[in-house]
Amino acid sequence: MDNVYITDRLKKTFTHDILETDAGGDMLTVIVTAPVIAEVIRFLKEEPDLGFVFLTDLCGIHYPDRGLPLGVVYHLHNLGENIRIRVKTFVTLADPRVPSVTGLFSTANWMERETYDFYGILFEGHPNLKRILNVEYLDFFPLRKEYPLEDPTREDKQDRHFGR
Amino acid sequence: MNTTTIPYTKTEPPEGYSAPGLFATTLDRVVGMARKNSLWPLPFATSCCGIEFMATMGANYDLGRFGAERLSFSPRQADLLMVMGTIAKKMAPVIQQVYIQMAEPRWVLAVGACASSGGIFDTYSVLQGIDRVVPVDVYVPGCPPRPEQILAGFMKIQEMVADEPLRRRYSPEYREMLAGYGIV
Amino acid sequence: MEDNTRYTTLNLGPTHPATHGIFQNVLTMDGEKIIDAEQTIGYIHRAFEKIAERRPFYQVTTLTDRLNYCSSPINNIGWHMTVEKLLGVKTPRRVDYMRIILMELARIVDHLICNSVIGVDSGALTGFTYVFQERERVYEIYEEVSGARLTTNMGRIGGFERDFTPAAIRKIREFLDHIPKVFREFEKLLMRNRIFMDRTIGVGPISADRALNYGFTGPNLRAAGVDYDVRVMNPYSSYDDFNFIIPVGTHGDTYDRFCVRQQEVWESLKLVRNALENLPEGPFHADVPQFYLPPKEEVYAKMEALIWHFKIVMGEIEVPAGEVYHAVEGANGELGFYLVSDGGRTPYRLHFRRPGFIYYQAYPEMIRGGVLSDAILTMSSMNVIAGELDA
């Protein structure tokens, strides 16, 4: 099984939902539309000849200049044949909803909560979508590019000493 | 034969009047001497500095010889709150609660850059120094500080304990300072 | 729970002597039996991923130190390898072997802490005091190589800034000669000890299917029976030159995790010995012009070296845009770095795949039905490090 085979299988089943595939980097990267992402992940996990049974990682990303700025990146791993794949999906700021894969992988529970905490992406079907790492009363999504790193309310450090 | 004299400082007794079978000094010096050699620390270890504290408690650097062998994890039975590691804003109310539960006289040692001033983490989620929520007596800089530095900080606390007047904790200035932190 | 008068709520709060790190568990208990646990983490959230978007690539190493701070070299070297993967740099074999020695030493000390802390939590403090002395020896080796004891900031992108000094090699040899005796004593203290076995066998079990579903990696997964080790599956840094056994358990309970870590320490000692015996000659760094600072003597004497030094520090060297995911076998599992670069001097997005964060989710499932003392032992046998949990 190689990248060409996986791309073919995905394109045959999901046709126009597969927006882009790129096998040039360190692993096959596939971009899909947001509503079908859970189906794509289920397909990759449960099809007997694909068998990507391990969800290595799930994280968010923010490209403010694009039409679909918020993204979710999934890394899957086929442990039997040692093949990795990266699946991405992008949504808008106004409607950042992505179906959750918690039903397929229990490990996605906290990973999706962390992505919600940092980027504000709403995972539909998640059992307990609330903030996990930041304080509950934080009212913005800190890892989006428009927010600064430092605490804006701090008064003890003078910005001019830090080159800002 | 190779003899080397290891330099050491003799512990001086406090100032007072001494005669055969008699030593007279003020009460706060005696109490200070007793307290400084039997401080019970509360190790509030959150991150990497906590591992250096574990090394300080180990046999090589041995905090036990200063009288701090008995670590207390209950604040009610501790004298010295050693805060080691980063305190995030989520943790700030917890550390203030722990400080309030300690009985007077109590001292606070901020170990490490993160506890002293936020350290390398100048971010939205990290408290920039625990002195924003509790009054601190001694700061030990370092990231993480070597065990020798932690011991030096501890010895500074011991000096402060030895010289403390008995009525300090009831004085209006002290009460005012605590009120400034919101601790009544 | 309709009938609230039956169940007790117990707060295993953020400050607790036996939870090594600050995270909170609110346990719902029926007498002594645990029905459920609700977890709160984030008490030490330091926003590493946001900080990394503001630091040049060579400054992110200091952040990676503080992830799993018991085994900092593994994190540092994993980060350097990620950037080397992005740049397409191949390191010389000497660098690979030096990295193997340091990473395996870090793995040994992390397992030493974890196992001795399992002993402490079950009441056996002696092992901890024996074993912590050995950590001092490794601290001295780290100091020779990098200058710091705990948060090492080890090496550079492309290799190391200086070769191993004769003192470092001597200290590693002394460590290798000294530790087997101490470690065997520690093993005899606990491994076949009747009380320890009674306290840890059958405690906090997890099956291999559930472990894979929860994303377990590292010794916790290997104790459940799955032999997944990143060093073997995706070898990096010349690990495929070496032969080593992956210890695997059967039941996934606390005793299996303890034994798997013990055996891994023996395997790591063999790896260090092998790598040290066969250390190849050659340069101790690769040619990475974007990040490797020229030697200080040249910087002070020659103009080109000074300009080059300036360009690297100010970040005017071209870095390719792209994204890369690199995983190393950390002491508690697969530590992954997902790096997206847009050609600027700082990462555009850096995400740490932290094994501690991922397998700690399974904790309620592992302790359900057990008693409180079992829950404490399960927590320490999972090796959850707070810095890695919250990043």
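Each chain carries its own residue numbering, running from 1 in the direction its sequence is written. Naming scheme: in the order in which they are written, chains are lettered from A and ligands are numbered from 1. Only residues with pLDDT of 70 or above have their local features reported here, since the model is predicted, and side-chain atom pairs are shown and tallied only from 80 upward, although totals for entire chains, interfaces and linings are computed over all residues. Each side-chain value is worked out from all heavy atoms of the structure, with water and hydrogens disregarded.

A. Inspection of the overall build of chain B at higher detail. A run of H or I in DSSP becomes a helix once it reaches four residues, and a run of E becomes a strand once it reaches two; helices and strands are each numbered from the N terminus. When helices and strands are counted, chain B shows 6 helices and 6 strands. Reading chain B from its N end, one meets helices and strands in the order β-β-α-β-α-β-α-β-α-β-α-α. Along the first, second and third principal axes, the C-alpha atoms of chain B reach 65 × 55 × 25 Å. Relative accessible area decides the class of each residue, using a 1.4 Å probe on protein chains only: under 20% of the type maximum gives buried, over 50% gives exposed, and in between gives partly exposed. Expressed as a percentage of the 184 residues in chain B, the buried residues total 49%. In this description, contact between two residues means that some pair of their heavy atoms is separated by no more than 4.5 Å. Contacts in chain B between residues at least 24 apart in sequence constitute 74% of all its contacts with a sequence separation of at least 6.

B. Spatial organisation of the packing of helix α2 (residues 48-57) of chain B against helix α5 (residues 126-146) of chain C. Axis definition: a line fit to C-alpha positions, over the contact stretch in the case of helices; interaxial angles, taken between N-to-C directions, run 0 to 180 degrees. Interaxial distance between α2 of chain B and α5 of chain C falls to 10 Å at its minimum, and their mutual angle equals 115°. It follows from the interaxial angle that α2 of chain B and α5 of chain C lie roughly perpendicular. For the element pair α2 of chain B and α5 of chain C, the recorded crossing hand is left-handed. Contact with α2 of chain B, carried on its side by Ile51, Glu52, Met54 and Ala55 of chain B, involves Phe128, Phe132, Arg135, Glu136 and Tyr139 of chain C of α5 of chain C and no other residues of that element. Any residue that is not Ala, Val, Leu, Ile, Met, Phe, Trp, Tyr, Cys, Pro, Asp, Glu, Lys or Arg is counted as polar, Gly included; the first ten are nonpolar and the last four charged. Considered class by class, the residues forming the contact of α2 of chain B with α5 of chain C number 6 nonpolar, no polar and 3 charged. When an angle is under 35 degrees it counts as roughly parallel; over 145 it counts as roughly antiparallel; between 65 and 115 it counts as roughly perpendicular; any other value is oblique. A crossing counts as left-handed when the near helix is turned anticlockwise from the far one by less than a right angle, and as right-handed when that turn is clockwise.

C. Spatial organisation of the interface of chain A and chain C. Listed by partner, the interface residues are 43 residues for chain A and 38 residues for chain C. Buried surface area refers to the total accessible area, computed with a probe of radius 1.4 Å, that the two partners give up upon joining, counted for both partners together. For the pair chain A and chain C, the summed buried surface comes to about 3,500 Å²; carbon and sulfur atoms form 56% of the total. It is Trp110, Leu133 and Leu149 of chain A in chain A that bury the most area against chain C; as a group they hold 21% of the surface buried on that side. A carboxyl oxygen of Asp or Glu within 4 Å of a side-chain nitrogen of Lys or Arg is what we treat as a salt bridge. In this structure, the connection of chain A to chain C is made through 6 salt bridges. We note a salt bridge from glutamate 53 of chain C to lysine 145 of chain A, for which the minimum N-O separation is 3.0 Å. Residues adjacent in sequence count toward polar contacts only when both atoms are side-chain atoms; beyond that, a polar contact is any pair of N or O atoms within 3.5 Å, and within protein one must be able to donate a hydrogen and the other to accept it. Counting across the chain A and chain C interface gives 25 residue pairs in polar contact (both at pLDDT 80 or more). In terms of residue class, the side of chain A that touches chain C is made up of 22 nonpolar, 11 polar and 10 charged.

D. Spotlight on the domain arrangement of chain C. Residues and elements named next belong to chain C. Entries for chain C in the domain assignment read domain 1 (4-40) and domain 2 (48-390). All domain edges in this entry derive from an automatic or database-based domain assignment. Computed over C-alpha atoms, the centres of domain 1 and domain 2 are 30 Å apart. In this assembly, 19 residues from domain 1 lie in contact with 20 residues from domain 2. Around 1,500 Å² of area is buried between domain 1 and domain 2 when both sides are counted, 65% of it from carbon and sulfur atoms. Between the two partners, domain 1 and domain 2, sit 1 salt bridge. Note that aspartate 36 is salt-bridged to arginine 368, the shortest N-O span being 3.0 Å. Elements that contribute at least two residues to the side of domain 1 that touches domain 2 include exactly β1 (8-12), β2 (24-30) and β3 (33-40). When residues of the side of domain 1 that touches domain 2 are assigned to their parent elements, the largest contribution, 6 residues, is made by β3. Along the lines of polarity and charge, the residues of the side of domain 1 that touches domain 2 split into 10 nonpolar, 6 polar and 3 charged.

E. Structural view of the interface of chain B and chain A. Across the boundary between the two partners, chain B contributes 9 residues, which contact 17 residues of chain A. Summing the contributions of chain B and of chain A, the shared interface buries around 1,100 Å²; its carbon and sulfur component is 46%. It is Lys90, Asp122 and Tyr124 of chain B that lose the most area in chain B upon contact with chain A, and together they represent 61% of the buried surface on that side. For the pair chain B and chain A, the number of links is 0 salt bridges. In this assembly, chain B and chain A are joined by 2 residue pairs in polar contact (both at pLDDT 80 or more). Partitioning the side of chain B that touches chain A into residue classes produces 1 nonpolar, 4 polar and 4 charged.

F. Up close: the packing of aromatic side chains. Residue and element names in this part refer to chain C. Two aromatic rings, drawn from Phe, Tyr or Trp (for Trp, its six-membered ring), form a pair once their centres lie within 6.5 Å of each other, and the interplanar angle then sorts them: stacked below 30 degrees, edge-to-face above 60, tilted otherwise. On inspection of all chains with the given rule, the structure shows 28 aromatic pairs over all chains. For the pair phenylalanine 57 and tryptophan 79, a centre-to-centre distance of 6.3 Å together with 10° between the ring planes defines the contact as stacked. Of this pair, phenylalanine 57 sits in the loop between α1 (48-52) and α2 (61-65) while tryptophan 79 sits in helix α3 (residues 72-87), placing them 22 residues apart in sequence. On the basis of relative accessible area, phenylalanine 57 is assigned to the buried category, the value being 0%.

G. Here's a closer look at a nonpolar patch on the surface. To count toward a patch, a residue needs a relative accessible area above 30% and no salt bridge. Like charges then connect within 9 Å, nonpolar side chains (Val, Leu, Ile, Met, Phe, Trp, Tyr) within 5 Å. Here the open area of atoms and residues is found with the Shrake-Rupley method and a 1.4 Å probe, where only the protein chains shown may cover a residue. On the surface, Met303, Leu306 and Ile307 of chain C cluster together into a nonpolar patch covering about 290 Å² of accessible area. Take isoleucine 307 of chain C: its relative accessible area is 44%, and that puts it in the partly exposed class.

H. Fine view of the environment of glycine 85 of chain B. Residues and elements named next belong to chain B. Position of glycine 85 among the secondary structure elements: in the loop between β4 (80-84) and α3 (92-101). Since its relative accessible area comes to 3%, glycine 85 is described here as buried. In this structure, the C-alpha to C-alpha distance between glycine 85 and alanine 45, residues 40 residues apart in sequence, is 6.1 Å. Ignoring sequence-local partners within four residues, the contact set of glycine 85 consists of Thr46, Ser47, Cys49, Val111, Cys114 and Ala115.

I. Spatial organisation of unusual backbone geometry. Put simply, glutamate 104 of chain B and proline 105 of chain B share a cis peptide bond, and its omega is -10°. Among the secondary structure elements, proline 105 of chain B is positioned in the loop between α3 and β5 (107-111). The amide bond that connects cysteine 143 of chain B to the next residue, proline 144 of chain B, takes the cis arrangement and shows omega of -15°. The residue proline 144 of chain B is located in the loop between β6 (138-140) and α5 (147-162) in this model. The phi angle at asparagine 82 of chain A is positive, at roughly 60°, despite the residue not being glycine. Residue position: asparagine 82 of chain A is located in the loop between β4 (70-78) and β5 (83-91). Here the phi dihedral of asparagine 383 of chain C falls at roughly 60°; this positive angle occurs in a residue that is not glycine. With respect to the element layout, asparagine 383 of chain C can be found in the loop between α16 (372-381) and α17 (386-390).

J. Fine view of the sheet that holds strand β3 (residues 41-45) of chain B. Residue and element names in this part refer to chain B. With parallel pairing, 4 strands are arranged side by side in an open sheet as β3-β4-β5-β6. Pairing within the sheet leaves two strands with one partner each, and these edge strands are β3 and β6. The sheet shows a mean angle of 15° between the axes of neighbouring strands, taken without regard to direction. Here 5 bridges tie β3 to β4, and the two strands are oriented parallel to one another. Across the sheet, alanine 45 pairs through a bridge with methionine 84, a residue of β4. Two strands pair under a simple rule: DSSP has to find at least two bridges between them.

K. Examining the layout of surface pockets more closely. Cavities and pockets were defined on a 1 Å grid built from protein atoms only: a cavity is a group of points that admits a 1.4 Å probe but offers it no way out, a pocket is an open group of points flanked by protein on both sides within 12 Å along at least five of seven lines, and a lining residue is one with an atom within 4 Å of any such point. Grid points are joined across faces, edges and corners, and a volume is the space filled by probe spheres set on the points. Quantified by volume, the largest pocket comes out at close to 1,200 Å³. Secondary structure elements with two or more residues in the lining of the largest pocket: β3 and α2 of chain B together with α4 (93-121), α5 and α16 of chain C. Counting residues per element, the lining of the largest pocket draws most heavily on α4 of chain C, which supplies 6 residues. In terms of residue class, the lining of the largest pocket is made up of 30 nonpolar, 13 polar and 4 charged.

L. Region of the structure containing the pattern of salt bridges. For the structure on display, the rule yields 42 salt bridges over all chains. One salt bridge in this structure joins aspartate 117 of chain A and arginine 131 of chain A, with 2.5 Å as the shortest N-O distance. One end of the pair, aspartate 117 of chain A, is in helix α3 (residues 108-119); the other, arginine 131 of chain A, is in the segment after β7 (122-124), and 14 residues separate them in sequence. Measuring nitrogen to oxygen at the nearest pair gives 3.4 Å for the salt bridge that ties arginine 66 of chain C to aspartate 65 of chain C.

M. Highlighting the sheet that holds strand β1 (residues 18-22) of chain A. All names here are of chain A. Spatially, the 5 strands line up as an open sheet ordered β1-β2-β5-β4-β3, and their pairing is mixed. The open sheet terminates on both sides in strands that have one partner only, identified here as β1 and β3 (54-62). Pairwise comparison of adjacent strand axes, ignoring direction, gives a mean angle of 20° for this sheet.

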